[in-house]
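Fold and contact review
So the chains spell out like this:
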Amino acid sequence: MKHIRIAATLVALSLAVSASAQQALSFKAPVKSPEVNPDNSVTFRYRNAKALTVQLQGDFLPTNAPVDMVEGEDGVWSYTTQPLEGELYLYNFVVNGERRNDPSNMHMNRDIATWTNFFTMSTKQGDKGWYYEVHETPHGTLARRWYNSPTLGADRRISIYTPAGYETSKAKYPVLYLLHGSGGDEDAWVDLGRTIQILDNLIAEGKAKPMIVVMPNGVYYNNAAPGYAVNMFQPTMLNSRSDSTKEIEDSFQDVISFVESNYRVAKGMYNRAVAGLSMGSRQSCAISRSHPGMFGYVGMFSGAVLADTPEAEAALAKQMDPKWAPKLYWIGVGSADGVKRNAVKLRDYCESKGYPVEYYESDGGHVWRNWRVYLTIFAQKIFK
């Protein structure tokens, strides 16, 4: 009988602990924030009765300066924007002069070492925000894989998107190799670039060919994103030739070999594309130039390797030989981007030599808002 009482007590304690744990895991947002209003303005709220000042900082504001939020009843601070266009927006609060994330919004992403709240909104089907959202369309699959790089002497983590229907199909698919920027990793294009949502939506609309998208880690001394690597993650921001291009350029065949050995891919240069942003843009430019006939489509988003030396001129001339010139040599850059000068120089040089080149200039600077647009445009132009 004593054993029965002890067992019953243990069960009761277990149930109590379980209930407590469930209660601890539950969460009720302090207030509703952000709230998209019928006129597409957005209201932000933050509850803190003890705060002296609360400000809102966001990339949707007219300037980069924070704006003051107004305290109302029950210590709820609020601010309502002007009507916004469809887009993915970033924001945070500044409470008593210190940066804070929105406790009512679970949606956050990481850019290098900074976590920021975000929200998406679309005003109509087909605007920018619509492509960054999940809709009732067939969905592809995202896999995080490890591959061995004999050139770098390490196992490395890679993100790979396969389109809807890949698992049940016997078809072979073209491949887009998509490279991140300085400070990024193999998660950047997934989380910040909304690659999965963009490709799912474009493919469902018939605007892009079903394709595999391969997103490797483009920093040779980081095997993986933070939390997944044996070595301590070290973001590179210096953009030296060694840190940002040479080692990845030399080892990129390891990535291609892994993909073409493990996935049903269509072979040949016109079934391969390479593109990237900033550092990854220079990498895509350099990799395609050093491997003429490897890629039929090249995308450079806010970055390029200039043909400003005899060696660089010769390499570009070889790449642009009619027998294996890319079908698409695409440059995209913001009008306020500090690297615009180099993008224009490469465009002008290609045009002066009669090399095929497409140039696209958007508003704004060196930001993800532009790079998501460039991917949306580029994905519709390749493999056709």
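Here is a short report on the structure shown in this document. (Residues numbered from 1 in each chain as written. Predicted model: local features only at pLDDT ≥ 70, side-chain atom pairs only at ≥ 80, totals over all residues. Heavy atoms only, no water.)

**Structural notes on the overall build of the protein**
A tally of helices and strands in the protein yields nine helices and 18 strands. Looking at the protein as a whole, 50% of its 384 residues qualify as buried. The contacts in the protein between residues at least 6 apart in sequence include a share of 71% that link residues at least 24 apart. (Helix = DSSP H or I, 4+ residues; strand = E, 2+ residues; numbered from the N terminus. Buried < 20%, exposed > 50% of the residue type's maximum accessible area, 1.4 Å probe, protein only. Contact = heavy atoms within 4.5 Å.)

**Section: the pattern of salt bridges**
Scanning the model with the defined rule gives 16 salt bridges in all. Between R272 and E260 there is a salt bridge, and its shortest N-O distance comes to 2.9 Å. Of this pair, R272 sits in strand β15 (residues 272-277) while E260 sits in helix α5 (residues 241-262), and the two are 12 residues apart along the sequence. Among the residues examined, E260 registers a relative accessible area of 22% and is labelled partly exposed. When the shortest N-O distance is used, the salt bridge between E361 and K340 registers 3.2 Å. Linking E361 in strand β18 (residues 358-362) with K340 in helix α8 (residues 340-353), this pair joins segments that are 21 residues apart in sequence. Here K340 falls in the partly exposed class, since its relative accessible area comes to 24%. Salt bridges linked by common partners bring D59, E87, K128, R369 and R372 together as one network. (Salt bridge = Lys/Arg side-chain N within 4 Å of Asp/Glu carboxyl O.)

**Let's talk about the nonpolar core**
Judged by nonpolar contacts, the single largest core of 39 residues is most densely connected at Y177, I212, V214, F295, L316, Y329 and L346. Elements with a contribution of two residues or more to this core: β12 (154-162), β13 (175-179), β14 (212-216), α5, α6 (279-290), β16 (297-301), β17 (328-334) and α8. Looking at this core, the element that brings in the most residues is α5, giving six residues. Excluding residues that lie within four positions of it along the chain, L346 makes contacts with C285, R289, M300, A304, V305, L306, L316, Y329 and I331. Within the second largest apolar cluster, 37 residues are counted, among which are Y131, A188, V190 and Y297. (Core = buried A, V, L, I, M, F, W, Y, C linked by side-chain atoms within 4.5 Å.)

**Some words on the pairing of strand β10 (residues 114-121)**
Of the strand pairs in this sheet, strand β7 (residues 87-95) and β10 are connected by five bridges, and their pairing is antiparallel. Opposite L90, over in β10, you have F118 as the bridge partner. Bridging between strand β9 (residues 108-111) and β10 involves four bridges; their strand directions are antiparallel. Across the sheet, D111 pairs through a bridge with T114, a residue of β10. Counting the residues in the hairpin turn of β9 and β10 gives two residues, including I112, whose phi is positive at 60°. (Pairing = 2+ DSSP bridges.)

**Considerations on the sheet that holds strand β2 (residues 42-47)**
Strand order in this open sheet of four strands is β1-β2-β6-β5, and the pairing throughout is antiparallel. At either end of the open sheet lies a strand with only one pairing partner, and these are β1 (35-36) and β5 (70-71). Judged from the two bridges that link them, β1 and β2 form a sheet pairing that is antiparallel. Note that in β2 the partner of E35 across the bridge is T43.

**What to know about helix α4 (residues 195-205)**
In terms of burial, α4 is a largely internal element, nine of the 11 residues being buried. Turning to α4, its buried residues number three or more, namely T195, I196, Q197, I198, L199, D200, N201, L202 and I203. Of the residues one or two after α4, G206 is the one with positive phi, at around 80°.

**With respect to the packing of α4 against helix α9 (residues 368-381)**
Two numbers describe how α4 lies on α9: the axes approach to 10 Å, and their chain directions differ by 35°. Crossing hand, α4 versus α9: right-handed. For the pair α4 and α9, the contacting residues are T195, I198 and L202 in the first and R372, L375, T376, A379 and Q380 in the second. Here the contact of α4 with α9 is composed, by residue class, of four nonpolar, three polar and one charged. (Axes fitted to C-alpha atoms, helices over the stretch in contact; angles between N-to-C directions. Left-handed = near helix turned anticlockwise from the far one by under 90°. Nonpolar A, V, L, I, M, F, W, Y, C, P; charged D, E, K, R; others polar.)

**A closer look at the sheet that holds β16**
Spatially, the eight strands line up as an open sheet ordered β11-β12-β14-β13-β15-β16-β17-β18, and their pairing is mixed. Bordering the open sheet on either side are β11 (141-149) and β18, each of which pairs with just one other strand. The average undirected angle you get between the axes of adjacent strands in this sheet is 20°. The sheet contact formed by β11 and β12 spans nine bridges and is antiparallel. Its bridge partner lying in β12, L142 is registered against Y161. Strands in contact with α4 are β11, β12, β13 and β14; relative to β12, the strand with the most contacts, it is inclined by about 35°.

**Comments concerning the packing of aromatic side chains**
Applying the stated rule across the entire model yields 28 aromatic pairs. On the basis of an interplanar angle of 65° and a centroid distance of 6.1 Å, the ring pair of Y91 and F119 is categorised as edge-to-face. In this pair, Y91 is assigned in strand β7 and F119 in strand β10, connecting sequence segments 28 residues apart. Like F119, Y91 is buried. The interplanar angle of 50° and the centroid separation of 5.5 Å between the aromatic rings of Y166 and Y173 together place this pair among those described as tilted. Looking at Y166, the relative accessible area reads 9%, which means it is buried. Looking at Y173, the relative accessible area reads 9%, which means it is buried. Members of the aromatic cluster, each reached through a chain of ring pairs, are W189, F301, W330, Y360, W368, W371, Y374 and F378. The ring of Y132 carries the charged tip of R372 above its face, separated from the ring centre by 5.3 Å. (Phe/Tyr/Trp six-rings, centres within 6.5 Å; stacked < 30°, edge-to-face > 60°. Lys NZ or Arg CZ within 6 Å of the ring centre and 35° of its normal.)

Function-wise, these values are silent; they only describe arrangement.
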